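What follows is the residue order along each chain.
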Amino acid sequence: MYYSVSGFLNQRLLTGRGTLLSPTIPVGSIVISLCGLTVLAAESAVPSRAHQPPRVAEDCPRWKEPRIHVPLSRLRCEGRPVKTRVSRVACPQAGGAAGWRRDGAARPAHLARAAGGSGGSRLWGAAAGLRGRRLRGGQLPAGRAGPGRAEGAAPPGAGRRPRMAAAAAASPSRELTQNPLQKTWEPYDNGLPAGHSAQRGVCMTNCPTLIVMVGLPARGKTYISKKLTRYLNWIGVPTKEFNVGQYRRDLVKKYKSFEFFLPDNEEGLKIRKQCALAALNDVRQYLSEENGHVAVFDATNTTRERRETIYKFGEENGYKQVKLGSPDYVDCSNDEATEDFMKRIECYKNSYETLDETLDKDLSYIKIMDVGRSYLVNRVMDHIQSRIVYYLMNIHVTPRSIYLCRHGESELNLKGRIGGDPGLSVRGKEFAKSLAQFINEQNIKDLKVWTSQMKRTIQTAEALGVPYEQWKVLNEIDAGVCEEMTYEEIQENYPLEFALRDQDKYRYRYPKGESYEDLVQRLEPVIMELERQENVLVICHQAVMRCLLAYFLDKPAEQLPYLKCPLHTVLKLTPVAYGCKVESIFLNVEAVNTHRDKPENVGVDRSREEALRTVPNHL
Amino acid sequence: MWGRRRPQGRHRRVCMTNCPTLIVMVGLPARGKTYISKKLTRYLNWIGVPTKEFNVGQYRRDLVKKYKSFEFFLPDNEEGLKIRKQCALAALNDVRQYLSEENGHVAVFDATNTTRERRETIYKFGEENGYKTFFVESVCVDPEVIAANIVQVKLGSPDYVDCSNDEATEDFMKRIECYKNSYETLDETLDKDLSYIKIMDVGRSYLVNRVMDHIQSRIVYYLMNIHVTPRSIYLCRHGESELNLKGRIGGDPGLSVRGKEFAKSLAQFINEQNIKDLKVWTSQMKRTIQTAEALGVPYEQWKVLNEIDAGVCEEMTYEEIQENYPLEFALRDQDKYRYRYPKGESYEDLVQRLEPVIMELERQENVLVICHQAVMRCLLAYFLDKPAEQLPYLKCPLHTVLKLTPVAYGCKVESIFLNVEAVNTHRDKPENVGVDRSREEALRTVPNHL
């Protein structure tokens, strides 16, 4: 999360009110005080020697060049440094910040998101893979406290610590029942689901996180925001980004010129303020009411009164690629657009002060310098922050391509059987040869080849005649008791399971096997390493490829298990601007179809025929 | 496993890096350099990267049997200088031997290395030998932390066996002074081409520069997650299960009567310990969740804490495994750590799977982990720095809580049996592990069961 005290916001916001609802709240303090957020400020900045001529790399994507990043620290409001204000407002939470890990008691964790009427505290179960699932201690039936457990009976609405609330619920009649979809064990009380005192997966953080981007325009703020949002959503942490620029574009349909951003353009200022406030309001709503877990606040740092101090920027080339693609410049020629954009940066740079080691020592932040040459990390507080920092330290912007494909057609593919560890069919071997040729023709620099530890991917890689690495985590989804069965057999032996799977294919876990959700967790290290690497060919499996693809294309969990990943087809993914370009290359070797669409009828009482309607042809 | 050693070019897991890594500690005395070195070495070895630490102070103690006083460290003590240089050289020589000849992968060079000149020398040494050099600097200005460190580890040092604590502390403080004048910290500008992490005030903030490869990234992530707050980790297995009684492995059974009794005793035990902010973690298997339910506190379920997957042998007795898969059974006894069950996992797989748990345990403070035999062995091996060969034979009996408390450079273990009887599930390595052994030989160490 970020803590961006945008200058212009400050002015108004710092005038001294303390609630979110007030239109006059500083960006940082708002969220902190109201929603009980911890604040991690993030910033991209160039080292203090920013005046040196930047390394210019013509062909590198936008924020590859040395970024000049705009700092955040000493925004002043009516002569007062923002920091004072912030630390005061942040007090209850920042208590946690100050005490940090060494002071468990002061942790913001349980500082009750004590919801008023409904009562009870909320433990934020950001469990990996648990979208939006939360633990609500307050929902536990307090009355069920058994004899001798009176100490646990939380007074309603008292915002007690979850521990107590759960203790109240631990009555002797609790029985474990297996959830048929996810095969997890859940406590039931007299036949009814008892309050969850259990969380599946690690608790990422105890309260919502607001990530505040800090930096001048064209520094890759939006790039980072979008990428981080995509990553967090993929690992199962509900995340949304709020781009203030987008709010402005929605409000002012037609962008005219940089003059809009001049500090003395009153109309512009007003609009921009309005946008930031609207965005913050949406942030609050998302985190407090829509069960969002992380909000990324992607805003610029303009200030109403331009400061005299102006940072000297080196020759900028970086923003070209970034901003030219943005809606602001659709009607302009490149030169005009560039010039206008440079002026726009001028409009911001005066008020910029970087996150400071001393002045901002109580904030959580990561400062990324020179597009990842170095990082300053301060007060990382919880699991999610630590994950974010790790992720940000691993991404890079060197141009490269990732090639995804499945193994060649296998013996079991031919028979329409899932899983197993079969070898390649004749056509599968042919594909392996075509793949070798394709890879040769592409002439890819330093290509790394990864396979799973299953025979069919290794056989495919062997044909390439280049070194490769085997990853166990790339193995196909474990279908448990259904391994090596045809869909017909699954329907025959486990019709209920089959229907449940169709109802929620992402979360459904095979008996003694895995779900797509499990798979995503298992694949997280692969994604992290893919982010680190440059050109990579991943030879994997249908379900695995769907998960990887969903990450790169930002597909939601519902669509993920139905992404089309046919055999004998290579997907070439090339990062561009904020997304990924996909080229699908069929290598011209026939193969069976293994894609089974979601059938119309997913009820448990459907007929055999209805269940099997979408099964692809096989022997 | 590494490219340069397996020219056929196949790696069974991600290639961490293609050349060995030399980690160089930087910092004044009593800044926790040795603590970090030892901890990092333990972690890297556990995740399967062969690592060794080289403590120059130890070389000095081996060379100069008797330590006299801080004067040895004065910058103008020529004899001292000579000896210290000699020690550093000897250590570097051993580093070279370890990395280039003994298949070591990471060497941790633990010395003060406070001058730029010294670091330059080491960096060149690394360059000449084809090692990637990564500096880890610990900066600490908090006098309390320094004092605590001196009390914890330095007073027990062999250098001070004959001194009173006050004398020792005084001498040590002077020793620090000897370095202070010439101390040059890693600088954002001057050292911008080096790969390093600078840890400020025991983890308040970090400056990370030019992380080059997978292993460095892992090291940085690890160092950013460890902390030194006093705490305890409690490890135990689920209560005795229905399948434990029958001598069957794996499966997803519920607790036996005695298992449930253990769960109650555990609740009482945890209550009595009165642990601040205790977190409880379980696997996603019924028996650990049933055990946690008895505690009446919130808990988190981790799928990665699930018991080792015995594949085709799930829910079998050892007798049945011997009968149906005698070859597999013998192979397992030959190398229990690396042996993977057909369609299942090995202990080695398990360690990889448990890495995120270790990382999160490092981040947390007081935690109770209710897990399984094989899982507990892996976790325990990490904390007690046990090698892979011993790991699968560590004793983790049912109904016994192990309380681990970090002390100085290691971990104190208290084993608390909660006084509820349970079957024994520990099968020692039999003497005969040959594939042609008799049924009786194979089953000799199987514990009693129904």
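Reading guide: rules and limits
- Residues numbered from 1 in each chain as written.
- Chains lettered and ligands numbered in written order.
- Predicted model: local features only at pLDDT ≥ 70, side-chain atom pairs only at ≥ 80, totals over all residues.
- Heavy atoms only, no water.
- Helix = DSSP H or I, 4+ residues; strand = E, 2+ residues; numbered from the N terminus.
- Buried < 20%, exposed > 50% of the residue type's maximum accessible area, 1.4 Å probe, protein only.
- Contact = heavy atoms within 4.5 Å.
- Areas by Shrake-Rupley, 256 points an atom, 1.4 Å probe, with all protein chains shown as cover.
- pLDDT = per-residue confidence, 0-100.
- Pairing = 2+ DSSP bridges.
- Right-handed = clockwise from strand over helix to strand, strands pointing away.
- Salt bridge = Lys/Arg side-chain N within 4 Å of Asp/Glu carboxyl O.
- Patch = residues over 30% accessible without salt bridge, like charges linked within 9 Å, V, L, I, M, F, W, Y side chains within 5 Å.
- Lys, Arg positive; Asp, Glu negative; His and termini not counted.
- Charge placed at Lys NZ, Arg CZ, Asp CG, Glu CD.
- Axes fitted to C-alpha atoms, helices over the stretch in contact; angles between N-to-C directions.
- Parallel < 35°, antiparallel > 145°, perpendicular 65-115°, else oblique.
- Left-handed = near helix turned anticlockwise from the far one by under 90°.
- Nonpolar A, V, L, I, M, F, W, Y, C, P; charged D, E, K, R; others polar.
- UniProt positions renumbered as here; feature names shortened; annotations may be inferred.
- Phe/Tyr/Trp six-rings, centres within 6.5 Å; stacked < 30°, edge-to-face > 60°.
- Lys NZ or Arg CZ within 6 Å of the ring centre and 35° of its normal.
- Expected span 1.5 Å × (residues − 1).
- Polar contact = N/O pair within 3.5 Å; in protein donor to acceptor, adjacent residues only side chain to side chain.

What follows covers the overall build of chain A. Across its full length, chain A holds 19 helices and 20 strands. Looking at the 619 residues of chain A, the share that counts as buried comes to 61%. Of all intrachain contacts in chain A linking residues separated by at least 6 positions in sequence, the fraction that spans at least 24 positions is 71%. For chain A, the computed accessible surface area is about 23900 Å², with 50% contributed by carbon and sulfur atoms.

What follows concerns the confidence of the model for chain B. Close reading of the predicted structure is inappropriate where its pLDDT is low. Residue and element names in this part refer to chain B. Looking at chain B as a whole, its pLDDT mean stands at 92, while 96% of the residues score no less than 70. Per-residue pLDDT stays below 50 along residues 1-10; that stretch engages in 27 contacts with residues further than four places along the chain or on separate chains. Segment residues 13-17 is flagged for pLDDT under 50; beyond a separation of four residues in sequence, or across chains, it makes 25 contacts in the model. Two numbers describe this predicted complex: its pTM, 0.80, and its ipTM, 0.90.

This part covers the pairing of strand β16 (residues 448-451) of chain A. Residues and elements named next belong to chain A. Two strands pair when backbone bridges link them, and β16 and strand β18 (residues 536-540) are joined in this way by four bridges, in the parallel orientation. By the bridge assignment, Trp450 is partnered in β18 with Val538. In this sheet, strand β17 (residues 468-470) lies alongside β16 in parallel orientation, the contact comprising two bridges. Each residue of the ladder has a partner; that of Thr451, found in β17, is Gln470. The β-α-β motif built from β16, the intervening helix α14 (residues 455-462) and the parallel element β17 has right-handed crossover chirality.

Below, the discussion takes up the pattern of salt bridges. Opposite charge on two side chains permits pairing when their charged atoms draw close. One pass over the full model with this rule turns up 44 salt bridges over all chains. Of the charged contacts, one joins Glu529 of chain A and Arg532 of chain A as a salt bridge, the two residues approaching to 3.9 Å between their closest N and O atoms. With Glu529 of chain A and Arg532 of chain A both in helix α17 (residues 516-532) and three residues apart, the pair spans about one turn of that helix. Taken individually, Glu529 of chain A and Arg532 of chain A each receive the classification buried, so the pair is uniform in this respect. In this structure, the salt-bridge partner of Glu320 of chain B is Arg248 of chain B, at a minimum N-O distance of 2.9 Å.

Let's shift gears to a negative patch on the surface. A grouping of Glu117, Glu120, Glu127 and Glu128 of chain B is seen on the molecular surface, where their side chains present a negatively charged patch. Checked against the element boundaries, Glu120 of chain B lands in helix α4 (residues 116-129).

All names here are of chain A. Where helix α7 (residues 244-251) contacts helix α8 (residues 266-288), the axes come no closer than 9 Å and their chain directions differ by 120°. Accordingly, the angle class assigned to the pair α7 and α8 is oblique. Of the two possible hands of crossing, α7 and α8 adopt the one that is right-handed. Packed against α7, whose contacting residues are Val244, Tyr247, Arg248 and Leu251, the element α8 presents Ile271, Arg272, Gln274, Cys275, Ala276, Ala278, Ala279 and Asp282 at the interface. For the contact of α7 with α8, a count of residues per class yields eight nonpolar, one polar and three charged.

Moving on to the confidence of the model for chain A. Residue and element names in this part refer to chain A. Averaged over every residue, the pLDDT of chain A is 69; residues scoring 70 or more account for 61%. Note that pLDDT drops below 50 for residues 1-171; the model gives that stretch 472 contacts with residues more than four away or on any other chain. Segment residues 301-334: pLDDT under 50, and 94 contacts once partners within four positions in sequence are set aside and those in other chains are kept.

Okay, helix α16 (residues 495-503) of chain A next. Those residues of α16 of chain A not exposed but buried are Glu497, Phe498, Ala499, Leu500, Arg501 and Asp502 of chain A. Those residues of α16 of chain A that are buried lie in contact with α15 (487-493), α17 and α19 (608-612) of chain A.

Glancing now at the UniProt feature "active site" (unreviewed entry) in chain B. Residues and elements named next belong to chain B. Using the residue numbers shown here, the UniProt feature "active site" (unreviewed entry) corresponds to His238 and Glu307. Across 70 residues of sequence, these annotated residues stay compact in space, with a maximum C-alpha separation of 10.7 Å. Secondary-structure assignment places His238 in the loop between β8 (233-237) and α8 (242-246). Position of Glu307 relative to the elements: it lies in the loop between β10 (299-301) and α11 (318-324). Sequence-distant contacts of Glu307, defined by excluding residues within four places in its chain, comprise Met285, Arg287, Glu345, Arg353, His372, Gln373, Ala374 and Val375.

A cluster of nonpolar side chains, contributed by Leu327, Leu331 and Val435 of chain B, occupies part of the molecular surface with about 250 Å² of accessible area. Secondary-structure assignment places Leu327 of chain B in helix α12 (residues 326-334).

Once that is clear, we can look at the sheet that holds strand β6 (residues 174-178) of chain A. Taking strand neighbours across the sheet as the criterion, the three strands line up as β6-β7-β8 (chain A) in an open arrangement whose pairing is antiparallel. At either margin of the open sheet sits one strand with a lone partner, and together these are β6 and β8 (192-193) of chain A. Pairing of β6 of chain A with strand β7 (residues 185-189) of chain A involves five bridges; the strand directions are antiparallel. Counted as the bridge partner of Leu176 of chain A is Pro187 of chain A from β7 of chain A. Packed on one face of the sheet, helix α10 (residues 286-293) of chain B meets β6 and β7 of chain A and runs near 155° to β6 of chain A.

Okay, the packing of helix α11 (residues 383-394) of chain A against helix α7 (residues 214-225) of chain B next. Interaxial distance between α11 of chain A and α7 of chain B falls to 11 Å at its minimum, and their mutual angle equals 155°. Judged on the interaxial angle alone, α7 of chain B and α11 of chain A are roughly antiparallel. In this structure, α11 of chain A crosses over α7 of chain B, and the sense of that crossing is right-handed. Packed against α11 of chain A, whose contacting residues are Ser386, Arg387, Val389, Tyr390, Met393 and Asn394 of chain A, the element α7 of chain B presents Ser217, Arg218, Val220, Tyr221, Met224 and Asn225 of chain B at the interface. Per-class residue counts for the contact of α11 of chain A with α7 of chain B are six nonpolar, four polar and two charged.

Attention shifts here to unusual backbone geometry. Not every positive phi belongs to a glycine, and Asn443 of chain A is a case in point at roughly 55°. In this fold, Asn443 of chain A is placed in the loop between α13 (426-442) and β16. Phi angles above zero are rare outside glycine, and Val202 of chain B is one such case at about 50°. Within the fold, Val202 of chain B resides in the loop between β6 (195-200) and β7 (205-209). With relative accessibility at 25%, the residue Val202 of chain B sits in the partly exposed group.

For the rest of this paragraph, the subject is the packing of aromatic side chains. Two descriptors summarise a pair of aromatic rings, namely the distance from one centre to the other and the angle between the planes of the rings. Scanning the model with the defined rule gives 23 aromatic pairs over all chains in all. With centroids separated by 3.8 Å and ring planes inclined at 10°, the aromatic side chains of Tyr390 of chain A and Tyr221 of chain B adopt a geometry described as stacked. Taken together, the positions of Tyr390 of chain A in helix α11 and Tyr221 of chain B in helix α7 put the pair across two chains. You can call Tyr221 of chain B buried: its relative accessible area is 11%. Taken together, a centroid distance of 6.3 Å and an interplanar angle of 75° make the contact between Tyr234 of chain B and Phe269 of chain B edge-to-face. Taken as a pair, Tyr234 of chain B in strand β8 and Phe269 of chain B in helix α9 (residues 257-273) lie far apart in primary sequence, 35 residues in all. In this pair, the class of Tyr234 of chain B matches that of Phe269 of chain B, namely buried. Of the aromatic side chains, those joined through ring pairs into one cluster are Tyr67, Phe72, Phe73, Tyr160, Phe172 and Tyr179 of chain B. For the cation-ring pair, Arg427 of chain B lies above Tyr318 of chain B, with the distance from its terminal atom to the ring centre recorded as 5.5 Å.

In a regular helix each residue adds 1.5 Å, so 23 residues correspond to 33 Å; α8 of chain A covers 33 Å between its end C-alpha atoms and thus fits that length. By the N-cap criterion, in which a side-chain oxygen at the helix start approaches the backbone nitrogen of a residue two or three places on, α8 of chain A is capped by Asn265 of chain A, the distance to Glu267 of chain A being 3.1 Å.

Take the environment of Thr229 of chain A next. Residues and elements named next belong to chain A. In this fold, Thr229 is placed in helix α6 (residues 221-234). Residue classification places Thr229 among the buried residues on the basis of a relative accessible area of 8%. Separated by 65 residues in the primary sequence, Thr229 and Val294 place their C-alpha atoms 8.3 Å from one another. In contact with Thr229, not counting residues within four places along its chain, are Thr239, Lys240, Glu241 and Val296.

The next subject is the environment of Glu71 of chain B. One can find Glu71 of chain B in the loop between α2 (56-63) and α3 (78-101). Along the sequence, Glu71 of chain B and Cys178 of chain B sit 107 residues apart, while their C-alpha atoms lie 8.5 Å from each other.

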